[in-house]
Amino acid sequence: KPEYSILLLGGDGIGPEVTAEAAAVLDQLSASPKARATFKFVPRAFGGCSIDEHGVSVTDETLEQGKKCDAILMGAVGGPKWDGKRRGFEGPEGATLRLREVTDVYANIRPTEYFPQGKSPLREELVRGTKYIVLRENCGGAFYGPKVEEPDYASDLWSYKRSEIERIARMAASLALSDAIPVKKVISCDKANVLASSRIWRRIVEETITKEFPEVELVHQLADSATTLMMTKPSMFNGVIVADNTFGDILSDLAAVIPGTLGVLPSGCLADLPAPAWTPELKPVKGFFEPVHGSAPDIAGQGIANPIGAILSAALMLRYSFGLFEEAKAIESAVNLTLESGLRTKDMGGSSSTKELGSAIRENLKKLL
Ligand code: NAD
Ligand code: IPM
Ligand code: MN
């Protein structure tokens with residue numbers, strides 16, 4: 001059996017609480033005689049806790065581990081303790097930004113769907129059957145452009161080049177054709193009516209997808225009106241929403257309204273197209289997996305954070321980095337079975353603790369794998 005190495009970055013706030021549950025799921029898989037692979041963790045401080053321990057939000061050694069390990073599992077970083085002092089690349093969040101950059105995980109896959117057992121604020125008849133992926137370009141745009149920060153002036157350069165847009169467009173179309181979602185449709189969101197970087201985005205997305213993936217339906221939607229439509233006609237987005245780094249960041253948090261909480265949304269950033277079906281010789285696709293939510297300082301330390309976003313991020317790792325489709329599916333089914341049994345954390349209207357929900361998910365997983 002291959003043993004995959006996973007850089008484990010709990011981070012700050014609820015990060016370590018939820019990643020502990022995701023790591024326990026992977027440990028249980030490793031121990032199962034039916035598992036086709038095992039997982040070894042390489043734990044490191046990351047974000048605010050790394051500033052406290054090492055004086056920097058991510059050490060060079062941790063960045064090297066990120067390149068060396070087969071995949072990365074992260075909780076979340078940041079919190080009031082470090083706010084105001086250092087932000088952006090210098091703050092806790094800079095650890096995430098730099099690790100994404102050095103591993104070139106350009107494709108941030110953020111799936112969302114309606115959970116009938118959840119607490120969606122949207123009307124059931126509106127949101128039923130909604131299931132889509134927000135695919136966020138993750139290594140370019142305004143986040144990574146040259147910055148100027150002076151007391152009375154600041155700027156972030158928002159630019160894209162052809163190769164960056166082509167690769168994310170190919171990823172969007174490939175996901176639309178995969179069985180991750182039932183509809184072969186890509187909805188590209190931009191501000192081509194105003195921004196030059198959006199006009200090149202729209203032109204190259206159009207060129208790439210119509211030429212290379214004629215079976216995929218492609219529509220363009222301005223990102224501002226997309227937000228209203230995502231709430232009033234959510235199921236029209238069934239497919240893959242592709243957007244640049246800034247719009248993708250915002251649209252993927254908006255997608256949390258579908259299940260009604262950020263706590264259940266997973267994300268995975270890939271450096272290449274998803275791994276094909278697993279074989280013992282498969283070379284894993286480098287991936288950086290983290291829930292969409294942040295460090296939730298308002299509930300940190302209380303043991304009530306929802307671990308589902310982190311656990312489903314581990315499932316995305318199995319599917320997209322390692323091609324372990326059955327194992328990924330089993331984790332997703334175990335989460336659904338647990339919710340169906342009535343257990344929920346507070347954000348979903350229940351009173352279970354992080355640990356109770358995590359261990360119930362592992363019990364259900366035992367029945368499946
Ligand atoms: P947040 O996602 O941390 O919290 C928003 C709201 O959602 C809060 O009310 C929180 O309690 C709730 N929530 C989030 N995750 C939850 C979970 N698993 N279970 C139950 N409730 C949950 O966003 P924020 O408050 O804007 O940011 C807090 C800090 O996190 C900031 O420092 C920000 O920079 C950082 N952040 C980090 C990441 C990351 O590292 N990937 C992502 C987003 C925000
Ligand atoms: C996310 C977060 C990060 C981002 C921050 C913490 C750097 O908001 O993963 O969505 O903006 O990419
Ligand atoms: Mn975000």
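- The name an unreviewed UniProt entry assigns to the protein is 3-isopropylmalate dehydrogenase, from the organism Bionectria ochroleuca.
- The UniProt entry for the protein carries the following comment under Function (unreviewed entry): "Catalyzes the oxidation of 3-carboxy-2-hydroxy-4-methylpentanoate (3-isopropylmalate) to 3-carboxy-4-methyl-2-oxopentanoate. The product decarboxylates to 4-methyl-2 oxopentanoate."

1. Things to note about the overall build of the protein
Step number 1: Within the protein one finds 12 helices and 12 strands.
Step number 2: In terms of overall dimensions, the protein has a C-alpha envelope of 50 × 50 × 45 Å along the principal axes.
Step number 3: Of all 369 residues assigned to the protein, the portion counted as buried reaches 50%.
Step number 4: Counting contacts in the protein only where the partners sit at least 6 residues apart, residues at least 24 apart contribute 78% of the total.

2. Side note on the nonpolar core
Step number 1: With 100 residues, the main nonpolar core has Ile72, Leu135, Ala172, Ile241, Ile311 and Ala314 as its most contacted residues.
Step number 2: The element that contributes the greatest number of residues to this core is helix H10 (residues 308-321), accounting for 10 residues.
Step number 3: In contact with Ile241, not counting residues within four places along its chain, are Tyr132, Val134, Leu135, Ile187, Cys189 and Leu251.

3. A short note on the site of ligand 1
Step number 1: Neighbouring ligand 1 are 22 residues; Gly78, Gly263, His293, Gly294 and Asn306 lie closest to it.
Step number 2: Taken together, the residues of the shell around ligand 1 sort by class into nine nonpolar, nine polar and four charged.

4. Topic: the site of ligand 2
Step number 1: Around ligand 2, the neighbouring residues are Glu93, Thr96, Leu97 and Asp249.
Step number 2: Take the shell around ligand 2: its biggest share by element is three residues, from helix H4 (residues 93-103).
Step number 3: A per-class count over the shell around ligand 2 returns one nonpolar, one polar and two charged.

5. Notes on the confidence of the model for the protein
Step number 1: When the pLDDT values of the protein are averaged, the result is 96; 99% of them are 70 or greater.
Step number 2: Prediction confidence for the complex, expressed as pTM and ipTM, is 0.96 and 0.97 respectively.

6. Notes on the packing of H10 against helix H11 (residues 325-340)
Step number 1: At a closest axis distance of 7 Å, the pairing of H10 and H11 adopts a crossing angle of 160°. Taken together, the axes of H10 and H11 are roughly antiparallel relative to one another. Our pair here, H10 against H11, has a crossing hand that is left-handed. Residues Ile308, Ile311, Leu312, Ala314, Ala315, Leu318 and Arg319 of H10 pack against Phe325, Glu327, Ala328, Ile331, Glu332 and Val335 of H11.
Step number 2: The residue inventory of the contact of H10 with H11, partitioned by class, reads 10 nonpolar, no polar and three charged.

7. What about the packing of helix H1 (residues 15-31) against helix H12 (residues 354-368)?
Step number 1: In contact at an axis separation of 10 Å, H1 and H12 are set at 15° when each is read in the N-to-C sense. Here H1 lies roughly parallel to H12, going by the angle between them. For the pair H1 and H12, the crossing hand works out as right-handed. Every residue of H12 that contacts H1 at Glu17, Val18, Glu21, Ala24, Val25 and Gln28 is listed here: Thr354, Gly358, Ile361, Arg362 and Leu365.
Step number 2: The residue inventory of the contact of H1 with H12, partitioned by class, reads five nonpolar, three polar and three charged.

8. Observations concerning the domain arrangement of the protein
By a widely used convention, the size of an interface equals the accessible area lost when the partners come together.
Step number 1: Looking at the protein, the domain boundaries give domain 1 (1-106 + 268-369) and domain 2 (121-258).
Step number 2: The C-alpha-based centres of domain 1 and domain 2 are spaced at 24 Å.
Step number 3: Listed by partner, the interface residues are nine residues for domain 1 and 12 residues for domain 2.
Step number 4: Residue contributions to the side of domain 1 that touches domain 2 peak at three residues, all from H4.
Step number 5: Among the residues making up the side of domain 1 that touches domain 2, the classes are represented as six nonpolar, no polar and three charged.

9. Observations concerning the sheet that holds strand E12 (residues 287-289)
Step number 1: The strand order across the open sheet formed by 10 strands is E2-E1-E3-E12-E11-E4-E5-E10-E8-E9, and the pairing between neighbours is mixed. Each edge of the open sheet is held by one strand with a lone partner, namely strand E2 (38-43) and strand E9 (217-222). Taking the axes of each pair of neighbouring strands and ignoring which way they run, one obtains an average angle of 25° across the sheet.
Step number 2: The pairing of strand E8 (residues 185-190) with strand E10 (residues 239-243) spans four bridges and is classified as parallel.

10. Looking at the pairing of E2
Step number 1: One ladder, built from six bridges, connects strand E1 (residues 3-11) with E2; its direction is parallel. Residue pairing across strands places Leu8 opposite Pro43, the latter belonging to E2.
Step number 2: A crossover connection joins E1 to the parallel E2 through H1; in handedness this β-α-β unit is right-handed.

What counts, and at which threshold
Residues numbered from 1 in each chain as written. Chains lettered and ligands numbered in written order. Predicted model: local features only at pLDDT ≥ 70, side-chain atom pairs only at ≥ 80, totals over all residues. UniProt positions renumbered as here; feature names shortened; annotations may be inferred. Helix = DSSP H or I, 4+ residues; strand = E, 2+ residues; numbered from the N terminus. Buried ≥ 20, exposed ≤ 12 C-beta atoms within 10 Å, placed from the backbone. Contact = placed C-beta atoms within 7 Å. Core = buried A, V, L, I, M, F, W, Y, C linked by C-beta atoms within 7 Å. Near = placed C-beta within 6 Å. Nonpolar A, V, L, I, M, F, W, Y, C, P; charged D, E, K, R; others polar. pLDDT = per-residue confidence, 0-100. Axes fitted to C-alpha atoms, helices over the stretch in contact; angles between N-to-C directions. Parallel < 35°, antiparallel > 145°, perpendicular 65-115°, else oblique. Left-handed = near helix turned anticlockwise from the far one by under 90°. Domains from an automatic or database assignment. Pairing = 2+ DSSP bridges. Right-handed = clockwise from strand over helix to strand, strands pointing away.

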